[in-house]
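In case you want the letters, here they are:
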Amino acid sequence: MVRGLIGKKLGMLQTFDEYGKAIGVTVIQAGPCTVVQKKAESSVQLGFGQVKESRLSKPILGQFKKAGVDPCAVLREFPVDDPEDIQIGQKITADIFAQGDFVKVVGVSKGKGFAGVIKKWNFGGGRETHGSRSHRIPGSIGQCAWPSRVFKGRKMPGRMGSDSVTCPSVQVIQVRAEENLLLVKGPIPGSRGSIVTIRKK
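Quantities reported herein were computed from a predicted structural model and do not represent experimental measurements.

Caption draft 1: Inspection of the overall build of the chain at higher detail. Each helix and strand counted, the chain has two helices and 12 strands in total. Ordering the α and β elements of the chain from the N terminus gives β-β-β-β-α-β-β-β-β-α-β-β-β-β. Since a compact globule built from 201 residues should have a radius of gyration of about 17 Å, the 23 Å found for the chain marks it as more spread out than a globular shape. Based on the C-alpha atoms only, the size of the chain along its principal axes is roughly 70 × 55 × 30 Å. Of all intrachain contacts in the chain linking residues separated by at least 6 positions in sequence, the fraction that spans at least 24 positions is 71%. Total accessible area computed for the chain in this model is approximately 12,600 Å², and 50% of it derives from carbon and sulfur atoms.

Written out as structure tokens, the structure is:
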């Protein structure tokens, strides 16, 4: 059995448990994924989504033609329990997961653009009084005559978001295998339509 799938975040909704308690869940289109290549003794490469051949480089396109499968938009590698049971071209669907499983979800967070230190690092800012010219700037970042440099790792303005974020333990609330949908508890990183990977723990 493959230990994970590639999916697409569709959005969030609300469902109810057996006690009538409301639970916020994220809906993920998990697969179907195609086995493109056996990478090693205990891992396989899966493909997800459709893409035009003109959008692929010749080496990647040749990889799909060698495997005899349709070109895929996304490729990821996953471990497998028994490689002998997996065949190239096989479809892997959401039924590898079960209700109550805990999974690790990895996605790319929403990009926030260029941000200052108050938004990015929650700095307090300067005085708002009349005459002050230091409201939202970071202030002094260096030392005196020694060591006469800026230490590495200072919190500064810069690009915010669009980082790989891992949710290490997310519970599967519901599996709709016929629709290739997973309902997982709580939010996961990324915007609607973003690609995520779901790995079994």
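There is more to say, and it comes next.
Caption draft 2: View of the confidence of the model for the chain. Counting all residues, the mean pLDDT for the chain is 91, and 100% of those residues have values of 70 or more. Per-element confidence in the chain ranges from a low mean pLDDT of 86 for strand β3 (residues 33-40) to a high of 96 for helix α2 (residues 117-121).

Caption draft 3: Representation of helix α1 (residues 58-67) within the structure. Taken together, the buried positions of α1 are occupied by Leu-61, Gln-63 and Phe-64. The buried residues of α1 occupy an angular sector of 150° when the element is viewed end-on, so they sit on one face. Residues of α1 that are exposed and point over 90 degrees away from its buried face: Lys-58, Pro-59, Lys-65 and Lys-66. The inward-facing, buried residues of α1 contact β3, β4 (43-50) and β5 (72-79). Looking one or two places after α1, you find Gly-68, whose phi comes out positive at around 75°.

The rules behind these values
Residues numbered from 1 in each chain as written. Predicted model: local features only at pLDDT ≥ 70, side-chain atom pairs only at ≥ 80, totals over all residues. Heavy atoms only, no water. Helix = DSSP H or I, 4+ residues; strand = E, 2+ residues; numbered from the N terminus. Rg over C-alpha atoms; globule rule 2.2 N^0.38 Å. Contact = heavy atoms within 4.5 Å. Areas by Shrake-Rupley, 256 points an atom, 1.4 Å probe, with all protein chains shown as cover. pLDDT = per-residue confidence, 0-100. Buried < 20%, exposed > 50% of the residue type's maximum accessible area, 1.4 Å probe, protein only. Arc of directions from axis to C-beta.

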